[in-house]
Amino acid sequence: MSTNPSREPGLSIRLDTMWLAGILRVDQIRRDTLVSLVATWGDDEAREDILRQLDALAEAVTSPREGELDHLIEAVEDAAAMDDAEVRIDLAAALRLRAELDAVIETLGRFNPAAVARLPHQREEAA
């Protein structure tokens, strides 16, 4: 695990250890997923359905076929009545994430600055 330079690592964008890709971290999504699963767990019928879906997913993980994992994950989400994996961010977080993303883009584009120059720049478009 690499060091995360963000002042809020639970919602951040950073470089991977090889500086070849960016990593988006959103701990709130995992938290909400687990809370949603456990909230539904109290209903005996729902718990049995969740367990069936988790068992099917566990089987598929050993030898997944094309599209199978996505379908089985959706089945678990449906059984647990999970909402979409979304996180609301305020202006301060959006600006911080943009700065972190800009730093990641600058590093990722270090060997191909011409490609970065051809990309639309939101700051310029907003003007």
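See the structure printed just above.
The text that follows walks through the structure, step by step, so that each part is easy to find. Keep in mind the model is a prediction, meaning the values are calculated, not measured. (Residues numbered from 1 in each chain as written. Predicted model: local features only at pLDDT ≥ 70, side-chain atom pairs only at ≥ 80, totals over all residues. Heavy atoms only, no water.)

## Quick look at the layout of surface pockets
Right, on to step 1. Empty space within the second largest pocket amounts to approximately 260 Å³.
Right, on to step 2. Lining the second largest pocket, in full, are Ile29, Asp32, Thr33, Ser36, Glu77, Met82, Asp83, Asp84, Ala85 and Glu86.
Right, on to step 3. Among the elements that line the lining of the second largest pocket, the one with the most residues is helix H1 (residues 27–41), at 4 residues.
Right, on to step 4. When its residues are assigned to classes, the lining of the second largest pocket shows 3 nonpolar, 2 polar and 5 charged. (1 Å grid on protein atoms, 1.4 Å probe; cavity = no way out; pocket = protein on both sides within 12 Å on 5 of 7 lines; lining within 4 Å. Points joined across faces, edges and corners; volume = space filled by probe spheres on them. Helix = DSSP H or I, 4+ residues; strand = E, 2+ residues; numbered from the N terminus. Nonpolar A, V, L, I, M, F, W, Y, C, P; charged D, E, K, R; others polar.)

## Here we look at H1
Right, on to step 1. Relative to the 21 Å expected for 15 residues at 1.5 Å per residue, H1 spans 21 Å between its end C-alpha atoms, a close match to the ideal helical length.
Right, on to step 2. Along H1, the residues classified as buried are Ser36, Leu37 and Thr40. Seen end-on, H1 carries its buried residues on one side only, within an arc spanning 95 degrees. Seen from the open side of H1, the exposed residues pointing more than 90 degrees away from its buried face are Arg30, Val38 and Ala39.
Right, on to step 3. Considering only its buried residues, H1 is in contact with helix H2 (44–62) and helix H3 (68–79). (Expected span 1.5 Å × (residues − 1). Buried < 20%, exposed > 50% of the residue type's maximum accessible area, 1.4 Å probe, protein only. Arc of directions from axis to C-beta. Contact = heavy atoms within 4.5 Å.)

## A word on the environment of Asp16
Right, on to step 1. Of note, Asp16 is situated in the loop between strand S1 (11–15) and strand S2 (22–26).
Right, on to step 2. By relative accessible area, Asp16 is classed as buried at 19%.
Right, on to step 3. Spatially, the C-alpha atom of Asp16 lies 9.5 Å from that of Thr3, the residues being 13 residues apart in sequence.
Right, on to step 4. Dropping the residues within four chain positions of it, Asp16 is found in contact with Ala21 and Ile23.

## A short note on the packing of H1 against H2
Right, on to step 1. Close contact between H1 and H2 brings their axes to 7 Å; oriented N to C, the two are set at 130 degrees. Judged on the interaxial angle alone, H2 and H1 are oblique. On the side of H1, the interface is formed by Leu37, Thr40 and Trp41, while H2 contributes Ala46, Arg47, Ile50 and Leu51. (Axes fitted to C-alpha atoms, helices over the stretch in contact; angles between N-to-C directions. Parallel < 35°, antiparallel > 145°, perpendicular 65-115°, else oblique.)

From the geometry alone we can't say anything about function, so treat these as descriptive.
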